[in-house]
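# Structural overview for review
Here are the chains, one letter per residue:
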Amino acid sequence: MEEAGARILLVDDETSIQTLLSYPLRKEGYEVVSAQDGREALDRFAESRFDLVVLDVMMPQIDGIEVCRRLRERSQVPIIMLTARADEVDKVLGLEIGADDYITKPFSVREFRSRVKATLRRTKMMGGSSAEEMIVNGELELDFARRSVKVRGEAVKLTYVEFEILAALARAPGRVFDRETLLERVWGDSAYRDPRTVDVHIRHLREKIEAESRQPEYLLTVRGAGYRFREEER
């Protein structure tokens, strides 16, 4: 997928927001398909292929959280959530059900464009080859060619962002990564982003790959510094 010419599904029930966001996207060369509510969004997604979904949380018919959940059941398409709520509830819920990023209203067009470009750029890079084909540490296996993970012989389904965070840590076992460094490794920069986003993804990763998420073996917290991946015992 080339970044220019990407197809974007823009889902928001406010016409003013649709107009505001569609213009800069089309100016960048993206094809934009609009949906006014959650039900229409699911219908549009079923009809065609999209490279990115921009999804408002508060919508009639079916809200954005439920739309995100249903999309994740069938696709790993990148999803950016838009939320108008000042608290953390929508952000955390969106990330835990598989959203790749979120933007809190009000936001600038510059920030919006930056997030969209970064997300599409990351997705394009998924097709690139990695120097290493596989990392095996204890009972955890990362296959970079297939972008797959197995734990204790069982396949584990990760979102794009979860895989990238795990890969960044696993490539450098023992090294401590602070939140800002992980944001830059995974999202390309740390601008406009809440460092606590990393904590949500780490918690979700632990629930998926650790035998006991509260006593992790692989994703270790270094208090006051960040996170590290365990060094393989020799």
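First, a word on what this report is: a plain description of the structure on this page. (Residues numbered from 1 in each chain as written. Predicted model: local features only at pLDDT ≥ 70, side-chain atom pairs only at ≥ 80, totals over all residues. Heavy atoms only, no water.)

With that settled, the discussion passes to the overall build of the protein chain. Across its full length, the protein chain carries 8 helices and 11 strands. For the protein chain, the exposed area adds up to about 11600 Å²; of that, 46% sits on carbon and sulfur atoms. (Helix = DSSP H or I, 4+ residues; strand = E, 2+ residues; numbered from the N terminus. Areas by Shrake-Rupley, 256 points an atom, 1.4 Å probe, with all protein chains shown as cover.)

Counting residues in each nonpolar core, the largest one holds 31 residues, and the members touching the most others are Leu140, Leu142, Val149, Leu166, Leu169, Ile209 and Phe229. Secondary structure elements with two or more residues in this core: β7 (140-143), β8 (148-151), α6 (160-170), α7 (179-187), α8 (196-209) and β11 (226-229). The leading source of residues in this core is α6, at 9 residues. (Core = buried A, V, L, I, M, F, W, Y, C linked by side-chain atoms within 4.5 Å. Buried < 20%, exposed > 50% of the residue type's maximum accessible area, 1.4 Å probe, protein only.)

It is worth spelling out the environment of Glu133 at this point. Within the secondary structure, Glu133 is located in the loop between α5 (109-125) and β6 (134-137). For the pair Glu133 and Arg147, spaced 14 residues apart in sequence, the C-alpha to C-alpha distance is 9.7 Å. If near-sequence neighbours (up to four positions away) are discounted, Glu133 is found in contact with Leu142, Asp143, Phe144 and Ala145. (Contact = heavy atoms within 4.5 Å.)

Strand order in the open sheet made by the 4 strands is β6-β7-β8-β9, with antiparallel pairing throughout. Both outer strands of the open sheet, β6 and β9 (154-156), are each paired with one neighbouring strand and no more. For this sheet, the mean inter-axis angle between neighbouring strands, taken without regard to orientation, is 20°. Looking at chain direction, β8 and β9 are connected through 3 bridges and run antiparallel. In the strand pairing of β9, Lys150 is matched with Ala155. Packing of α6 onto the sheet brings it into contact with β6, β7 and β8, and relative to β7 it is tilted by some 110°. (Pairing = 2+ DSSP bridges. Axes fitted to C-alpha atoms, helices over the stretch in contact; angles between N-to-C directions.)

We now examine helix α3 (residues 64-74). Buried within α3 we find Gly64, Ile65, Val67, Cys68, Leu71 and Arg72. Buried residues in α3, looked at end-on, bunch into an arc of 160°, giving them a common side. With a side-chain oxygen positioned 3.2 Å from the backbone nitrogen of Ile65, the residue opening α3 is Asp63. (Arc of directions from axis to C-beta. Polar contact = N/O pair within 3.5 Å; in protein donor to acceptor, adjacent residues only side chain to side chain.)

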